[in-house]
Amino acid sequence: IRARRPDDLSPIESGQVPEEISPLVRSLNDMLERLSQSIQMQKRFIADAAHQMKTPLAGMRMQSELALRETDQEEIHRSLEQLSKSSESATRLVNQLLALARAENQTPENKPLAPLELSELARTTVQDWVQLSFTHRIDLGFEQPGHPVMVRGNPLMLRELLSNLIDNALRYTPAAGSVTVRVRTNPLERQAILEVEDTGPGIPASERSHVFERFYRILGSNVEGSGLGLAIVREIAQQHDADVEILNNPHSQDPKYPGSLFRVTLKLQRRPDFIEDIG
Ligand SMILES: Nc1ncnc2c1ncn2[C@@H]1O[C@H](COP(=O)(O)OP(=O)(O)OP(=O)(O)O)[C@@H](O)[C@H]1O
Ligand SMILES: [Mg+2]
């Protein structure tokens, strides 16, 4: 093993080893296989990220070259507008890549989860989005129970998770629609539930398992995005041992806009001073 090249993760030949150490060799090979898969995934991710970055950068280059050759003020203005759009996409992509890297680095092993009150965290996060909801002309609402909802979590990461769900709801829901963020509990099942409901186009059942993949976007939407938001949501949910489901919005009234309901289910923590409240 010592004589191998550092990047050689091929299995150890198990044919010639004494029988008593063959289980050890099998476990080592198993580990090498998993390590190699994880390295392959990292490599693919870097290649995908670079590929995604190429599109806005190529756009910026083309538009700036066009603007430099142009003398007509209106045409120059149009090119600059496109340039600004492409740089917005590039910035969004880089910010989402950084958010994903942050989420992957803040594991419960190096940043232990601490008790926190979920309604307060959700309420303050929703406040950050009020301004954008006005811009998009969407009625952004918040519902919480009349008692504290304790969970164990990393507040920065849970904010990041909720922000990505609200961002999607606001961006994919047409103007005059509504988005509701809701915190509730299911005391019998010991669940704390965080929901984001919108009156947008919804996500077809066949797409629901794919939208959590990195860089996956549903074709046909004219909304800009990098395809990483729900991958960030999934990463953070996994670290909190939480489930994320996509359902139809049960309150939707327009069959053309069935809406979505994103439901994150966390474990409800017991705390002596509010057990009476939740029964
Ligand atoms: N609330 C929603 N309503 C309708 N479609 C949605 C909703 N949320 C997500 N989607 C679909 O799922 C896809 C993946 O969402 P995700 O947040 O991962 O990426 P994105 O919004 O495209 O990019 P970004 O990383 O910039 O958020 C979106 O492209 C969109 O097609
Ligand atoms: Mg998104």
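Quick caveat: nothing in here was measured; it's all calculated off a predicted structure.

## Side note on the domain arrangement of the protein chain
The accessible area lost on association of the parts is a frequent measure of interface size.
(1) Moving on: Segmenting the protein chain into domains produces domain 1 (20-105) and domain 2 (115-278).
(2) Moving on: Centre-to-centre, using C-alpha coordinates, domain 1 lies 26 Å away from domain 2.
(3) Moving on: Contacts between domain 1 and domain 2 engage 14 residues on the former and 17 residues on the latter.
(4) Moving on: Summing both partners gives a buried area of about 1,300 Å² for domain 1 against domain 2, and 58% of it is carried by carbon and sulfur.
(5) Moving on: Counting the contacts that link domain 1 with domain 2 gives three salt bridges.
(6) Moving on: For the salt bridge of D167 with R92, the shortest nitrogen-to-oxygen distance reads 2.6 Å.
(7) Moving on: Run the count over domain 1 and domain 2 and you get five residue pairs in polar contact (both at pLDDT 80 or more).
(8) Moving on: Going through the elements one at a time, α1 (22-69) and α2 (73-105) are the ones with two or more residues in the side of domain 1 that touches domain 2.
(9) Moving on: Ranked by the residues each element gives to the side of domain 1 that touches domain 2, the list is headed by α2, at ten residues.
(10) Moving on: The class makeup of the residues in the side of domain 1 that touches domain 2 is seven nonpolar, three polar and four charged.

## Examining the sheet that holds strand β6 (residues 243-248)
(1) Moving on: The strand order across the open sheet formed by five strands is β2-β4-β5-β7-β6, and the pairing between neighbours is mixed. Two strands close off the open sheet at either side, each with one partner strand: β2 (139-143) and β6. Averaged over all pairs of adjacent strands, the angle between their axes in this sheet comes to 15 degrees, without regard to strand direction.
(2) Moving on: For strand β4 (residues 178-186) and strand β5 (residues 191-198), the ladder comprises eight bridges, and the chain directions are antiparallel. Considered in β5, the bridge of R184 is made with I193.

## Let's talk about the nonpolar core
(1) Moving on: Counting 48 residues, the largest nonpolar core has L118, L161, L165, I166, L194 and L266 as the members making the most contacts within it.
(2) Moving on: When residues of this core are traced back to their parent elements, those giving at least two are α1, α2, α3 (118-128), α5 (155-172), β4, β5, α6 (229-239) and β7 (260-267).
(3) Moving on: At eight residues, α5 tops the list of elements feeding residues into this core.
(4) Moving on: Built from parts of two domains, this core gets at least three residues from each of domain 1 (20-105) and domain 2 (115-278).

Conventions and cut-offs
Residues numbered from 1 in each chain as written. Chains lettered and ligands numbered in written order. Predicted model: local features only at pLDDT ≥ 70, side-chain atom pairs only at ≥ 80, totals over all residues. Heavy atoms only, no water. Domains from an automatic or database assignment. Contact = heavy atoms within 4.5 Å. Buried area = accessible area lost by both parts, 1.4 Å probe. Salt bridge = Lys/Arg side-chain N within 4 Å of Asp/Glu carboxyl O. Polar contact = N/O pair within 3.5 Å; in protein donor to acceptor, adjacent residues only side chain to side chain. Helix = DSSP H or I, 4+ residues; strand = E, 2+ residues; numbered from the N terminus. Nonpolar A, V, L, I, M, F, W, Y, C, P; charged D, E, K, R; others polar. Pairing = 2+ DSSP bridges. Axes fitted to C-alpha atoms, helices over the stretch in contact; angles between N-to-C directions. Core = buried A, V, L, I, M, F, W, Y, C linked by side-chain atoms within 4.5 Å. Buried < 20%, exposed > 50% of the residue type's maximum accessible area, 1.4 Å probe, protein only.

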